[in-house]
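# Coordinate analysis (summary)
Here is what each chain is made of, one letter per residue.
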Amino acid sequence: MLEVEGLASAYGRIQVLHGVDFHVKRGEIVTIVGSNGAGKTTLLRALSGVQPVLAGRIRLKGQVIESMAAHQRVRRGMAQVPEGRHVFAPLSVHDNLVLGGWTRPAARRQERLDFAYGLFPALAQRRHQMAGSLSGGQQQMLAIGRALMSEPELLLLDEPSMGLAPVLVDQIFALLPTLKAAGLTILLVEQNAYAALAAADRGYVMETGRIVAGGPAEELLHDPSVREAYLGLAEEAPLLGERAVA
Ligand code: ATP
């Protein structure tokens, strides 16, 4: 679905991505975890076309896209849920969703709206409410629903747990298997490494603009260096599930 090779990006003269290599297979949930400032958001923005690329190659379904405009990438099946949600605050929930579907024929709109409202009944109840008046969790749902309106094959999710209460974080992560079952491929970047790795098939660890480790998510969850650096767990400490079993 996605192949990234040697991707480099900078803000002015400050380079923040230094040759990023990774891939995502169709149907996978892949997460990139890493601490604050590692470059995760910059990477997703470079993939979706809103952050310039200095060097490297991005292939979406085999097609080279790194010099394509962001809106062309959406048409080719990629949609981004940005960090901080960025819903259109003065517009209604309904209008936010409709805007997300701008690449699709009008005849598909109702089906996409039904899909989004089916996933998020709280949004259906508030369809005429201003997006800016929603809670943080509802705004996150709206940002995901808006991205799904374009019928993406690859969903880029940036830090969906940011600023949410634990119960809402659980709800957002519980949604991922549903999206996968609906045929989506998901690339998730997260500081909440435990929740992200627990939900993913594979993971990568990013540090200062480079991928420094990668593998099945289950293996990363048990990797002593990942546990210590990103999960806040000592090597021998049990993970939550293990503790429950014990
Ligand atoms: P976070 O989880 O905090 O978003 P991140 O891993 O997503 O962290 P980025 O936001 O991609 O990291 O930031 C990578 C580096 O680029 C950081 O050093 C950050 O300070 C810098 N940076 C990010 N945005 C800009 C910008 N608009 N101008 C200049 N530097 C930036």
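Please read these numbers as outputs of a predicted model, since none were measured by experiment.

## Some words on the overall build of the protein chain
What the protein chain contains, in helices and strands, is eleven helices and ten strands. Its C-alpha radius of gyration of 18 Å places the protein chain within 12% of the 18 Å reference for a compact globule of 246 residues. Counting all 246 residues of the protein chain, 47% fall into the buried class. Within the protein chain, contacts between residues separated by at least 24 positions form 67% of all contacts whose residues are at least 6 apart in sequence. Only carbon and sulfur atoms are counted for the fraction: they give 53% of the accessible area of the protein chain, which is about 11200 Å². The distance from the centre of the 24 positive side-chain charges to the centre of the 24 negative ones in the protein chain is 10 Å.

## Quick word on unusual backbone geometry
The phi angle of most residues is negative, glycine excepted, and most peptide bonds adopt the trans form. The backbone of Glu151 shows a phi angle near 55°, a positive value even though the residue is not glycine. Residue position: Glu151 is located in the loop between helix 6 (136-148) and strand 7 (154-158). Even without a glycine there, the phi angle at Glu159 is positive, about 50°. Locating Glu159 in the fold gives a position in the loop between strand 7 and helix 7 (166-181). Glu159 sits in the buried class, given a relative accessible area of 5%.

## Remarks on the packing of aromatic side chains
Where two aromatic rings form a pair, the distance of their centres and the angle of their planes describe that pair. Scanning the model with the defined rule gives one aromatic pair in all. Consider the rings of Phe22 and Tyr204, whose centres lie 5.6 Å apart with planes at 65°: the pair is edge-to-face. Taken together, the residues span a long stretch of sequence, with Phe22 in strand 2 (residues 14-24) and Tyr204 in strand 9 (residues 202-207) at a distance of 182 residues. Across the pair, exposure class does not vary: Phe22 and Tyr204 are buried alike. The ring of Tyr117 has Arg127 sitting right over it, with the charged end atom 4.3 Å from the ring centre. The ring centre of Phe88 lies 5.1 Å from the NZ or CZ of Arg146, which sits over that ring.

## Remarks on the layout of surface pockets
In this structure, the largest pocket spans a volume of roughly 550 Å³. Lining of the largest pocket is provided by 22 residues; of these, Val50, Val74, Gln80, Pro82 and Arg146 occupy positions nearest its centre. Only helix 1 (40-48), helix 2 (70-75), strand 6 (78-81), helix 3 (93-100) and helix 6 provide two or more residues apiece to the lining of the largest pocket. Counting residues per element, the lining of the largest pocket draws most heavily on helix 2, at four residues. Of the residues belonging to the lining of the largest pocket, the class tally is ten nonpolar, seven polar and five charged.

## Section: helix 7
Taking 1.5 Å of rise per residue, 16 residues should cover 22 Å, and helix 7 covers 24 Å from first to last C-alpha, within 8% of that figure. Buried residues of helix 7: Val169, Ile172, Phe173, Leu175, Leu176 and Leu179, and no others. Down the axis of helix 7, the smallest arc covering the buried residues is 145°, so these residues share one side. Facing away from the buried side of helix 7 by over 90 degrees, the exposed positions are Pro166, Val167, Asp170, Ala174 and Ala181.

## A few points about the environment of Arg108
Its location among the elements puts Arg108 in helix 4 (residues 106-119). Given the relative accessible area of 24%, Arg108 is considered partly exposed. Measuring from C-alpha to C-alpha, the distance between Arg108 and Leu176 comes to 23 Å, with 68 residues separating the pair along the chain. Within polar-contact distance, the side chain of Arg108 engages the side chain of Glu111 at 2.9 Å.

## Some remarks on the nonpolar core
Leu155, Leu179 and Ile186 are the most contacted members of the largest nonpolar core, which has 46 residues in total. Shared between two domains, this core takes at least three residues from each, and those domains are domain 1 (2-77 + 152-245) and domain 2 (83-150). Those residues in contact with Leu179, other than ones at most four positions away along the chain, are Leu119, Leu148, Leu155, Leu184 and Ile186. Counting residues in hydrophobic clusters, the runner-up holds 26 residues, among them Leu2, Leu17, Val24 and Val30.

Conventions we followed
- Residues numbered from 1 in each chain as written.
- Predicted model: local features only at pLDDT ≥ 70, side-chain atom pairs only at ≥ 80, totals over all residues.
- Heavy atoms only, no water.
- Helix = DSSP H or I, 4+ residues; strand = E, 2+ residues; numbered from the N terminus.
- Rg over C-alpha atoms; globule rule 2.2 N^0.38 Å.
- Buried < 20%, exposed > 50% of the residue type's maximum accessible area, 1.4 Å probe, protein only.
- Contact = heavy atoms within 4.5 Å.
- Areas by Shrake-Rupley, 256 points an atom, 1.4 Å probe, with all protein chains shown as cover.
- Lys, Arg positive; Asp, Glu negative; His and termini not counted.
- Charge placed at Lys NZ, Arg CZ, Asp CG, Glu CD.
- Phe/Tyr/Trp six-rings, centres within 6.5 Å; stacked < 30°, edge-to-face > 60°.
- Lys NZ or Arg CZ within 6 Å of the ring centre and 35° of its normal.
- 1 Å grid on protein atoms, 1.4 Å probe; cavity = no way out; pocket = protein on both sides within 12 Å on 5 of 7 lines; lining within 4 Å.
- Points joined across faces, edges and corners; volume = space filled by probe spheres on them.
- Nonpolar A, V, L, I, M, F, W, Y, C, P; charged D, E, K, R; others polar.
- Expected span 1.5 Å × (residues − 1).
- Arc of directions from axis to C-beta.
- Polar contact = N/O pair within 3.5 Å; in protein donor to acceptor, adjacent residues only side chain to side chain.
- Core = buried A, V, L, I, M, F, W, Y, C linked by side-chain atoms within 4.5 Å.
- Domains from an automatic or database assignment.

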